Amino acid sequence: MSTPDNLFDAYHSDYQHLIGSVRNKLEKDAQEQQGEQRKATLRRVEIELDEADDIISQLEIEIQGIPASIRPQYTNRLKQAKLDLNRYKKFAKESHAQTTRNFIRFDSTSMSDDPYDERANERTKLLAGHQTLADGSRRIENSTRLALETEDLGADILRSLRVQREQIENTSHTLNQAEASIDRASGTIQKMIRQMYKQRFVIAGIILVLVVVVVLILYFKLFYHRH
């Protein structure tokens, strides 16, 4: 059965893979590209950032089930992951803005009536569209995998809750039996106490009778002795 800390590690590994891809595209690929090619790269970055955001949400869920004794180290990893994600979101936004400014600035000079250039631009757009579709498919597959893993975790939790409920019911039954035993023992002890008091009363009565007899004997002895 997968535990929350194991699931956290698995999701975090996926996140690191995604954020590494984003870093490579933003810091290397996009810096070396121009025009539609750069736009396509930035679109792929947006898709991967959305996927990373989904994984962050899943990490926030999994960390709730991690034992408190080891949770701080996972909390630190989650905080760092959020910081990295926000940093690359800002980086991507600035890259988009820079691309837009460059397109507006050089749009008039980059236009060409050459049909070969137009054909090349169309091919670039088609390639970018194909890449976007591929990235979208991969994102759907990742979302499906996350959903299945979440479903498995939910089933495990339900099974655990069922076992705990049975344990609680068994404990309740045991407590009821113990309570009944205590009631019986208490009744027995009360009977013993009452019997003890009865014995005390009997012994006290016997002692009283003996005292009276001794007194009478002494009285008669003294009385007849005088006469």
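Please refer to the structure higher up on the page.
Quantities reported herein were computed from a predicted structural model and do not represent experimental measurements.

Cut-off values and rules
- Residues numbered from 1 in each chain as written.
- Predicted model: local features only at pLDDT ≥ 70, side-chain atom pairs only at ≥ 80, totals over all residues.
- Heavy atoms only, no water.
- Helix = DSSP H or I, 4+ residues; strand = E, 2+ residues; numbered from the N terminus.
- Buried < 20%, exposed > 50% of the residue type's maximum accessible area, 1.4 Å probe, protein only.
- Contact = heavy atoms within 4.5 Å.
- Areas by Shrake-Rupley, 256 points an atom, 1.4 Å probe, with all protein chains shown as cover.
- Expected span 1.5 Å × (residues − 1).
- Bend = angle between axes of the 7 residues up to and from the residue.
- Salt bridge = Lys/Arg side-chain N within 4 Å of Asp/Glu carboxyl O.
- Axes fitted to C-alpha atoms, helices over the stretch in contact; angles between N-to-C directions.
- Parallel < 35°, antiparallel > 145°, perpendicular 65-115°, else oblique.
- Left-handed = near helix turned anticlockwise from the far one by under 90°.
- Nonpolar A, V, L, I, M, F, W, Y, C, P; charged D, E, K, R; others polar.
- Core = buried A, V, L, I, M, F, W, Y, C linked by side-chain atoms within 4.5 Å.
- Phe/Tyr/Trp six-rings, centres within 6.5 Å; stacked < 30°, edge-to-face > 60°.
- Lys NZ or Arg CZ within 6 Å of the ring centre and 35° of its normal.

Hey, could you run me through the overall build of the protein in this one?
Check the secondary structure of the protein and you find 4 helices and 0 strands. In the protein, the order of α-helices and β-strands from amino to carboxyl end is α-α-α-α. Across the 227 residues in the protein, those meeting the buried criterion constitute 20%. A separation of at least 24 residues holds for 80% of the contacts in the protein among residues at least 6 apart in sequence. Carbon and sulfur atoms make up 58% of the accessible area of the protein, which amounts to about 16,700 Å² in all.

I would appreciate a short explanation of helix H1 (residues 4-32) in the present structure.
For an α-helix, the turn length of 3.6 residues means that residues three or four places apart are oriented alike. Compared with an ideal rise of 1.5 Å per residue, which puts 29 residues at 42 Å, H1 spans 41 Å between its outermost C-alpha atoms and is within 8% of the ideal. The sharpest bend along H1 comes to roughly 40°, located at Lys 25.

I keep staring at the pattern of salt bridges and nothing clicks. Help me out?
If the charged atoms of two oppositely charged side chains come close together, the side chains can form a pair. Applying the stated criterion to the full structure yields 6 salt bridges. With its nearest N and O atoms 3.1 Å apart, the salt bridge here joins Arg 77 to Asp 9. Taken together, the residues Arg 77 in helix H3 (residues 71-110) and Asp 9 in helix H1 connect sequence positions 68 residues apart. Residue Asp 84 pairs with Arg 87 through a salt bridge whose shortest N-O separation is 3.6 Å. One end of the pair is Asp 84 and the other is Arg 87, both in helix H3 and 3 residues apart, which spans about a single turn. Overall, Arg 87 belongs to the partly exposed group, its relative accessible area being 45%.

Hey, could you run me through the environment of Glu 36 in this one?
Mapped onto the secondary structure, Glu 36 falls in helix H2 (residues 35-62). A sequence separation of 63 residues divides Glu 36 from Thr 99, and the C-alpha atoms of the two residues are 9.6 Å apart.

Any chance you could explain the packing of H1 against H2 here in plain terms?
Angle between the axes and distance between the axes: these two values describe a pair of packed helices. At a minimum axis separation of 9 Å, H1 and H2 run at an interaxial angle of 160°. Between H1 and H2, the interaxial angle falls into the category roughly antiparallel. For the pair H1 and H2, the crossing hand works out as left-handed. In terms of residue class, the contact of H1 with H2 is built from 16 nonpolar, 5 polar and 8 charged.

Just to check I follow, could you spell out the nonpolar core for this structure?
Proteins that are soluble and globular tend to have nonpolar side chains buried together. Ranked by size, the top nonpolar core spans 24 residues in total, and within it Phe 8, Tyr 15, Leu 26, Leu 49, Ile 56, Leu 59 and Leu 85 carry the most contacts. Secondary-structure elements contributing two or more residues to this core are H1, H2 and H3. Top contributing element to this core by residue count: H1, with 9 residues. Those residues in contact with Leu 26 that sit more than four places away from it in its chain are Gln 31, Leu 42, Val 45, Tyr 88, Phe 91, Ala 92 and Ser 95.

Would you mind showing me how to read the packing of aromatic side chains here?
Describing an aromatic ring pair means giving the distance of the ring centres and the angle of the ring planes. One pass over the structure, following the stated rule, counts 1 aromatic pair. With 5.0 Å between their ring centres and 85° between their planes, Phe 8 and Tyr 74 make a pair best called edge-to-face. Here Phe 8 is found in helix H1, whereas its partner Tyr 74 is found in helix H3, with 66 residues between them in sequence. You'll find Phe 8 and Tyr 74 in the same group, each marked buried. One Lys or Arg, Arg 87, reaches over the ring of Tyr 88 and ends 4.6 Å from the middle of that ring.

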